[in-house]
Amino acid sequence: MTWYLNNLPIKSLIILALVWLNIQTPVQAQEIQYTKPSWWFGVAGGANFNFYRGSTHMLNAGFTPPAIFHDGDGIGLFIAPLLEYHRPDTRLGFMLQAGYDNRQAKFDQVKTACDCPADLKTNISYISVEPSIRFAPFKSNFYLYGGPRLAFNMDKSFTYKLGINPAYPNQAATPDVKGDLSDVKSTIFSMQIGAGFDIPLSSQNNHTQFVLSPFVSFHPYFGQNPRSIETLNITTVRAGVALKFGRGHLIAKPEEVLVPDPEVQFSVNAPANVPVQRRVREVFPLRNYVYFNIGSTEIPNRYVMLKKEEVKDFREDQLEMVTPINQSGRSERQMIVYYNVINILGDRMIKNPSTTIVLVGSSEKGPKEAKEMAESVKFYLVNTFGITATRIRTKGQFKPNIPSEQPGGVRELDLLREGDRRVSIESSSPVLLAEFQSGPGKSNASETAALQEAPLESYVTFNTKGANEAFTSWSIQIADEKGMVQSFGPYTQESASLSGQSILGTRPEGDFKITMIGQTKSGKVVRKETTAHIVLWAPAKIDEGIRYSVIYEFNDSKAILIYQKYLTDVVVPKIPANGTVIIHGHADIIGNDAYNLKLSIARANDVKKIIGSALAKSGRTDVKFEVTGYGEDPNFSPFKNEFPEERSYNRTVIIDIFNTGI
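Cut-offs used in this document
- Residues numbered from 1 in each chain as written.
- Predicted model: local features only at pLDDT ≥ 70, side-chain atom pairs only at ≥ 80, totals over all residues.
- Heavy atoms only, no water.
- Helix = DSSP H or I, 4+ residues; strand = E, 2+ residues; numbered from the N terminus.
- Buried < 20%, exposed > 50% of the residue type's maximum accessible area, 1.4 Å probe, protein only.
- Contact = heavy atoms within 4.5 Å.
- Areas by Shrake-Rupley, 256 points an atom, 1.4 Å probe, with all protein chains shown as cover.
- Pairing = 2+ DSSP bridges.
- Axes fitted to C-alpha atoms, helices over the stretch in contact; angles between N-to-C directions.
- pLDDT = per-residue confidence, 0-100.
- Core = buried A, V, L, I, M, F, W, Y, C linked by side-chain atoms within 4.5 Å.
- Phe/Tyr/Trp six-rings, centres within 6.5 Å; stacked < 30°, edge-to-face > 60°.
- Lys NZ or Arg CZ within 6 Å of the ring centre and 35° of its normal.
- Salt bridge = Lys/Arg side-chain N within 4 Å of Asp/Glu carboxyl O.

Visitor: Would you mind showing me how to read the overall build of the protein chain here?
Guide: Broken down by element type, the protein chain carries 10 helices and 29 strands. Here the protein chain, with 662 residues, has 43% of them falling under the buried criterion. Summarising the internal contacts of the protein chain: among those between residues at least 6 apart in sequence, 74% fall at separations of at least 24. Of the accessible surface of the protein chain, which amounts to about 34,800 Å², a share of 58% is contributed by carbon and sulfur atoms.

Visitor: What should I look at first to understand the sheet that holds strand S18 (residues 422–426) in this one?
Guide: In space, the 4 strands of this open sheet follow the order S15-S18-S16-S17, with mixed pairing throughout. Two strands in the sheet have a free side with no partner beyond their single neighbour: strand S15 (289–291) and strand S17 (392–397). Shown here is a sheet whose adjacent strand axes are inclined to one another by a mean of 20°, direction ignored. Inspection of the sheet shows strand S16 (residues 357–362) paired to S18 by 5 bridges, in the antiparallel sense. What sits directly across from Gly361, in S18, is Val423. Against the sheet, helix H3 (residues 341–351) engages S15, S16, S17 and S18, with an angle of about 140° to S15.

Visitor: In this structure, what is going on with H3? I would like to understand it.
Guide: Note: α-helices contain 3.6 residues per turn, so residues at a spacing of three or four share the same orientation. Where burial is concerned, most of H3 is hidden: 9 out of the 11 residues are buried. Val341, Ile342, Asn343, Ile344, Leu345, Gly346, Asp347, Arg348 and Met349 are the residues of H3 that are buried.

Visitor: Where do I start with the confidence of the model for the protein chain in this structure?
Guide: Predicted coordinates in regions of low pLDDT should not be interpreted in detail. Confidence in the prediction of the protein chain, expressed as mean pLDDT, is 83, and 81% of residues score 70 or more. Segment residues 1–10 is flagged for pLDDT under 50; beyond a separation of four residues in sequence, or across chains, it makes 2 contacts in the model. Here residues 13–30 scores under 50 on pLDDT; set against residues more than four positions off or in separate chains, the count is 5 contacts.

Visitor: Can you walk me through the nonpolar core in this structure?
Guide: Considering soluble globular proteins, one finds that nonpolar side chains tend to be buried as a cluster. Counting 57 residues, the largest nonpolar core has Tyr338, Leu381, Val607 and Ile655 as the members making the most contacts within it. When near neighbours in sequence (up to four residues on either side) are disregarded, Leu381 contacts Ile342, Leu345, Gly346, Ile357, Gly386, Ile387 and Ile392.

Visitor: Explanation requested: the packing of aromatic side chains in the structure shown.
Guide: How two aromatic rings sit relative to each other is set out by the distance from centre to centre and by the angle between their planes. Under the criterion given, the structure shown has 16 aromatic pairs. Centroid distance Tyr289 to Tyr291: 6.0 Å. Interplanar angle 85°. Geometry classified as edge-to-face. Tyr289 gets classed as buried once you look at its relative accessible area, which sits at 8%. For the pair Trp474 and Tyr491, a centre-to-centre distance of 4.9 Å together with 45° between the ring planes defines the contact as tilted. Of this pair, Trp474 sits in strand S21 (residues 471–479) while Tyr491 is found in strand S22 (residues 485–491), placing the two residues 17 residues apart along the sequence. Three or more aromatic residues joined by ring pairs make a cluster, and in this case those are Tyr52, Phe63, Phe69, Phe107 and Tyr160. The aromatic ring of Tyr143 is capped on one face by Arg134, whose charged end is 4.1 Å from the ring centroid.

Visitor: Which parts of the structure should I look at to understand the sheet that holds strand S20 (residues 460–465)?
Guide: Pairing between sheet strands relies on hydrogen bonds along the backbone, with the strands arranged either parallel or antiparallel. Within the open sheet, the 3 strands sit side by side as S13-S20-S23. Their pairing is antiparallel. What marks the edges here is a single partner per strand, and that holds for strand S13 (265–269) and strand S23 (495–498). Between one strand and the next, the sheet's axes are offset by a mean angle of 15°, whatever the strand orientation. Pairing of S13 with S20, which is carried by 5 bridges, proceeds in the antiparallel orientation. From the neighbouring strand, Phe266 faces S20, where its bridge partner is Thr464.

Visitor: What should I look at first to understand the pattern of salt bridges in this one?
Guide: This structure, assessed with the given rule, holds 24 salt bridges. Of the charged contacts in the structure, one is a salt bridge between Arg53 and Asp73, with a shortest N-O distance of 3.7 Å. Of this pair, Arg53 sits in strand S1 (residues 39–53) while Asp73 sits in strand S2 (residues 72–85), and the two are 20 residues apart along the sequence. For Arg53, a relative accessible area of 35% puts it in the partly exposed group. With relative accessibility at 37%, the residue Asp73 sits in the partly exposed group. Two residues, Arg134 and Asp198, come together in a salt bridge whose shortest N-O distance is 2.8 Å. Here Arg134 is found in strand S6 (residues 117–135), whereas its partner Asp198 is found in the loop between strand S9 (187–197) and strand S10 (199–200), with 64 residues between them in sequence. Judged by relative accessible area, which is 3%, Arg134 ranks as buried. Salt bridges sharing partners connect three or more residues here, namely Asp101, Arg103, Glu130, Arg149 and Arg238.

Structure (structure tokens):
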């Protein structure tokens, strides 16, 4: 029995913990349906631990005991309805309590002159109104509060008891004196600070939610002088608990909507065989400029820089056989040649030892820096190619002879100044500048072979736009005119391709019904059908052609005199009888799109006008022209626009000449 009684509390705690967990677990597992309340109502109750200090002697006008009382302690009742407001998961809130507030106490016993013990009890009570600011520092259930206390006196009674002298035990007892304290203040204004902790008693699944909040507060003696006479004051520590309830707002559950399977767009692309493949041999001019980066007088590393031991093996005609890593067409090959412009110049000067050049630098920072740029090019030619220094003269100036930046210009000045920051190569030796565009000088062009990209082997492409979201996989069934069915797949991407031969075999062509069968993520099967005419690919006939280019100055649509002569004397004689001339105009990215489109069309028409005029003078009317302007469209631009030399080459017109039309 003794063991049982001793262990009963432990067993009780264990059982209560298990019951609590069993109650809490399903509650927490349920879906929350209501918000936490913002407004709370309830009642608070507790004990006031009162500490009297100071002194009191005259209790009222009719009674003054023979002894002075100093210290007293007591416990009084506090009970009050309450109101709270604090939004969930916030720090600040408001509290209000107004109720019965007892500050009773019993004073320490004192001795009178007759050596008799004297006792005093006071029963001072108030109706207290206590508004407070509530602060939850961690946005949790723990909170602090503080504010003023306004108290209205209700009771001010006292009981005075005088005992007998212990030396005279048979002495008759003195009757107790009862009454009300005099000079008690009717209103007290003081303060309080406290802390509490909210313990939920119900889950958020309940519309009405209950909270139990243990709390403690401190009421210092400031302002708590109950009487207007003497020095008596009260300090109180209150401990208690509040029971609060509030009503949450219903959390609207999203309506369960049946989401349809994503729409899939099915299409088939079966390209026809291209009967003609065009192959051109390309001729392009070279600029006699070396562009420099802003803030640097060193040759940019995008230019090909040789070592001394590599010079003996360098040949400019070998540049035609250089294949860049990401070769995608004409522009890559041309820029490979261009970025060897200094090496071509050095090779030419070695082969022609009597020639001289002038390197003219131009910089927005002035002639001094511009000359340093020219000296960088000279240093490379002298130290790498071994050119005698006296054959190269350098000078510097603010702007080049044909500047891009014009007086009064305010737009895209950074790009314009990049184009003007360069070193121009000038020479009076025709053999040295044979492959440079050099103002009024003579212009030839280096020639390189370029094979236009041929179409793939008539691959049939099946497109299922949206399949990644809708399907786990899809497949293709292809039925011919006789009902023979071939199956391909499954596929997981949105596009798949099959060669014409895998579908046709040895047949040259045929009509097919194509069915796409998709398995959705919800388990449904989706079918979509279409038809297609498929042609077996055959090698294309090669149409030989030649491509020329002319370069325009910035914001100009009139070819310089050297190009007018070039088009008339070199290009026009290469146009065969009944030939086709395809002219494409381009522009760089400086300026707005609409203006550059007009500029590229004007450049293309300028070339057509020059070629047409030359043909008319020779009595020819058999040539067909196709003229297009692409502006700065990056999908058709011959070059990128990252560097000034690329923008310079994009101010171009490309001329393709073929024996027959498309």
